[in-house]
Amino acid sequence: MCCDLLDNNTAHRAAHHRRVGEAISVYEKGKAMKRLVVGILAHVDAGKTTLSEAMLYHTGELKKLGRVDHRDAFLDTFALERERGITIFSKQAVFSLPHTAVTLLDTPGHVDFSAEMERTLQVLDCAVLVISGTDGVQAHTITLWRLLERYRIPVFLFINKMDLAGADRAALLAALRARLHEGCVDFSADADWDAVQESVAMCQETLLERFLERGVVSREEITEQIAARRVFPCYFGAALRLNGVDALLDGLDRYTAQPVYPDAFGAQVFKIARDEQGNRLSYLKITGGTLRVRDALSGEADGGWQEKVSQLRVYAGAKFRTVEQAEAGMVVAAAGLTHTRPGMGLGRASGAAAPVLEPVLTYRMVLPEGCDPHTMLPKLRQLEEEDPMLRIVWSEALRELHVQLMGEIQLEILTRLIDERFGVAVRFDEGSIVYKETIAAPVVGIGHFEPLRHYAEVHLLLEPGERGSGLRFDTTCPADTLDGNWQRLILTHLAEKQHLGVLTGSPVTDIRCTLLTGRAHLKHTEGGDFREATYRAVRNGLMQAESVLLEPYYAFRLELPADCVGRAMSDIQRMHGSCDAPETLPGHTVLTGRVPVALLRGYWSEVAAYTKGQGRLSCTPDGFAPCHNTAEVVAAAGYDPERDTENTPDSVFCAHGAGYTVKWNEVKAHAHLDAGIRMDTDAAGGSAEQPVAARRAPSSGAAEEEDLRALFERTYGPIKDRGFEAFQQSRKQSAAREQLYVTRIRPDDYLLVDGYNIIFSWDELHDIAAQDINAAREQLINLLSNYQSVRKCRLLVVFDAYRVKGGTGSVEKRHGLDIVYTKEAETADMYIEQASYDLSRKHRVRVATSDGLEQMIILGHGAERLSANELKWEVEQASRHIDEVLRDLRAR
């Protein structure tokens, strides 16, 4: 049957054969054809490499169609890939279409090698997402889709294996529209073209109007909608039988446009590799201008560098040809560069994109007897620079090598690579989890470094960042306080070091670090002084902060028989995971959710056992979240931050001609500067030594806590884990509140106020309401108007009007506020719950109310809870701020 199919495609391939050998030359010249860099992505076993083979065979680049299971696939160039039947490293091939010269990048599909795939996304003009017709949308498919959305890459979908039993075209298209995007449209060769045009037109209002007038959608308009990611063409077929491949190739040729490149040189590095002779190769896409052999490139990394390109290669599988120059849109491997890193931009594209995916497992490497770790470390660094998701960590204190990576398959591959490339047979221990740390509240850290004839002082504001945001650095220090050169040096020192937390010594993340103030000495300050002061300031702040331990999570998809669902859901609850509602499909049930990586390891074998081989579990890294067993992990780590001399929180001051050390909890009293921010307001002077973690707000009452606990148990069942504890933790605030601007409200933040709840919670308004409810309402509006003028957030105050017969609801804008009166049969609670759900998807949302049930609901929506008393405190602070401004104006 397969031979018949190949014969049927002979005529089609003959048309491409005259371009065999011309594709690369056309690719170099690029005068009559547009250039595209197309990536192929998929979850594991979807048939991605098979589709790549079919596309190359169809266009005449291959004379023989290879197969993964026969271990002769053209793009599986490494022995390990052919042995395991999976793609490990991204590969490049080139082919030509009637109007397009295509560079094809085949990426790994296994989750352990997702980092290799993510780096490739940075250079794509469009992508082909392959989905198995029998498996449908998997958890890893959703991860790929989100990454494609993040990089704004147009996507063509190829639904593969449609020749197998159980592949339902209509059901698959409906699932794609429901789970990926409603703009998924069937573009297959046998699709109804009128229906295709109508579906495309429905994706944009203006296009629909033109379609209704003319009755047709032009090719240019389709191309525009695809480029804008409003339309996602879907092609159904079977790559192994070459079904649907010609339609996909025709779509790539017809409905894509070449990006507009600037004249100035720019390039994006996406991969580092070494050839068989050990030459270092930097794979990059030219994003502007031209790159020639012997051109000098430079960068700021590693203290600044400049190197010349010694060779440019255009690869096709394992083979390559050299070129003298590379034009915009080309992908080449450049030799002669030793400082480049994946993600690095060169020329006008300078900069580096932060990866989304992070390693989740860590293993101790056991070297063979007689192997010196210091000799081995530089060799391992070569592998580390080729795969940034492989982290090599040398512990000087333990004199041990540790590796951090994505999964156990990657560990197997690493073991083989070390043996083959360096001739060293290494072993690894059982491994553990990669933890991280963050903070729960703002804190000011101070670092002072003043041994004899040295001087530097730094004040930093550390604030919690959004989950997954990493570390962000900024400065608000005036230039007349500290020269801009010193400020830039401090920001450089902040970014150059991996800062460790104080719970387990794990790296910190999701923190905004802002330089508040600093001081240098005209005579004695040297560059290294600010390095010491900066490191100590960060550590000083972390010692005071309320630290939070984070652990990695997996997003999982579990397919299993219906009679095993109860067991699976019980296991997920036991593993402190969360699970969405079961999805019932013909023949099986699907569970999706997220669970800590630490507890899911080895669960694959359990699934196979209790489902008798019928279950299938797929997992995708899903970021970091608060650890489910913090106390246990911290105790097991046994980390003492005060004994970590390489990351000391203490400062060095000078007196009587000699330097002396000041403990971290006494630094504030010795500091030479005052940043002007008060993190505590103790009437007796406060204790600068008291950690934020120890400064709690007074309890709102045992009765309230018991009521909330009972309500939580009635809603979610008996408390078996940290669920209620986590809820309580979110309600805790620092009793020593920061100054008003420390919270850093952004202009697009929302504050939703339950009007009558606040009125009857504040004594002064409650007394007014007892006489005149309208007067109390106006007084609250006036107070909130003053508050909004200082905080500059978007403030909505909601009043119940649900008992007003025939009330349709209204919104009144006054003094910067949006005053909402709910409609008949709608309470303020109902309005706020819906609004917080809608707004929290894109904005930071706080809700001011003392209603316990409403607090719990809005926390579930991702919003933040603000009690009536806390809002009252903030309003009072705003009023004081206004009074101070007025006094200053009068004084002038």
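This one's a predicted model, so the numbers in the text were calculated from it and none came from an experiment.

Further remarks concern the environment of P586. With respect to the secondary-structure elements, P586 resides in the loop between β31 (583-585) and β32 (588-596). P586 gets classed as exposed once you look at its relative accessible area, which sits at 76%. Through-space distance from the C-alpha of P586 to that of G166 is 9.4 Å; in sequence the pair is 420 residues apart.

Before going further, it helps to examine the packing of aromatic side chains. Under the counting rule described, the total for this entry stands at 12 aromatic pairs. Between F187 and Y235, the aromatic rings sit 6.3 Å apart at their centres with planes inclined by 55 degrees, giving tilted as the arrangement. Here the residue F187 occupies a position in the loop between β6 (184-186) and α9 (193-201), and Y235 occupies one in strand β7 (residues 232-236), the gap between them amounting to 48 residues. For the pair formed by F187 and Y235, the shared burial category is buried. Each ring, one from F799 and one from Y821, has its centre 5.8 Å from the other, and the planes form 25 degrees; the classification is stacked. Separated by 22 residues along the polypeptide, F799 in strand β37 (residues 794-799) and Y821 in strand β39 (residues 817-821) bring together distant segments of the chain. You'll find F799 and Y821 in the same group, each marked buried. Counting every residue linked through ring pairs, the aromatic cluster contains F187, W193, Y235 and Y255.

Taken together, 7 strands build an open sheet; the order of strands is β2-β3-β1-β4-β5-β7-β6 and the sheet is mixed. Unpaired on one side and paired on the other, β2 (91-96) and β6 mark the two borders of the sheet. Strand-to-strand twist across the sheet, computed as the mean angle between neighbouring axes with direction ignored, equals 25 degrees. Of the strand pairs in this sheet, strand β5 (residues 155-160) and β7 are connected by 3 bridges, and their pairing is parallel.

The next thing to look at is the side chain of T648. You can see T648 is positioned in the loop between α20 (630-637) and β34 (651-655). Dropping the residues within four chain positions of it, T648 is found in contact with R536 and R539.

Quick look at unusual backbone geometry now. For R294, which is not glycine, the phi torsion reads 75 degrees and is therefore positive. Relative to the helices and strands, R294 resides in the loop between β10 (290-292) and β11 (296-299). On the accessibility criterion, R294 (57% relative accessible area) is exposed. A positive phi is found at R453, a non-glycine position, where the angle reads about 65 degrees. For R453, a relative accessible area of 58% translates into the label exposed.

The next point concerns the nonpolar core. Core analysis: the largest hydrophobic core is formed by 46 residues, its most contacted members being M365, V403, I418 and L558. Setting aside chain neighbours within four positions, we find I418 in contact with M365, M376, L380, L383, G423, V424 and V426. Counting 43 residues, the second largest nonpolar core, distinct from the first, contains A42, V185, V196 and A201.

Atomic detail in the predicted coordinates should be set aside for any region of low pLDDT. Put simply, the protein chain has an average pLDDT of 82, and 82% of its residues get 70 or more. Across residues 1-7, where pLDDT falls below 50, the model places 7 contacts with residues more than four positions away in sequence or in other chains. Low pLDDT (under 50) marks residues 15-31, which in the prediction has 34 contacts with non-local residues, meaning those over four places away or in another chain.

We now examine the sheet that holds β39. Remark on secondary structure: sheet strands pair via backbone hydrogen bonds, oriented parallel or antiparallel. What the 6 strands build is an open sheet, ordered β38-β39-β37-β36-β40-β41; its pairing is mixed. On the outer flanks of this sheet lie β38 (810-814) and β41 (864-866), each paired with one strand and no other. Along the sheet, successive strands turn relative to each other by an average axial angle of 20 degrees, direction set aside. Here β37 pairs with β39 via 5 bridges, running parallel. If you follow L795 over to β39, its bridge partner there is L817. Packed on one face of the sheet, helix α26 (residues 773-791) meets β36 (750-754), β37, β38, β39 and β40 (845-848) and runs near 165 degrees to β37. Sheet strands touched by helix α27 (residues 828-839): β36, β37, β39 and β40. Its angle to β36, the strand with the most contacts, is close to 170 degrees.

About the criteria used
- Residues numbered from 1 in each chain as written.
- Predicted model: local features only at pLDDT ≥ 70, side-chain atom pairs only at ≥ 80, totals over all residues.
- Heavy atoms only, no water.
- Helix = DSSP H or I, 4+ residues; strand = E, 2+ residues; numbered from the N terminus.
- Buried < 20%, exposed > 50% of the residue type's maximum accessible area, 1.4 Å probe, protein only.
- Phe/Tyr/Trp six-rings, centres within 6.5 Å; stacked < 30°, edge-to-face > 60°.
- Pairing = 2+ DSSP bridges.
- Axes fitted to C-alpha atoms, helices over the stretch in contact; angles between N-to-C directions.
- Contact = heavy atoms within 4.5 Å.
- Core = buried A, V, L, I, M, F, W, Y, C linked by side-chain atoms within 4.5 Å.
- pLDDT = per-residue confidence, 0-100.

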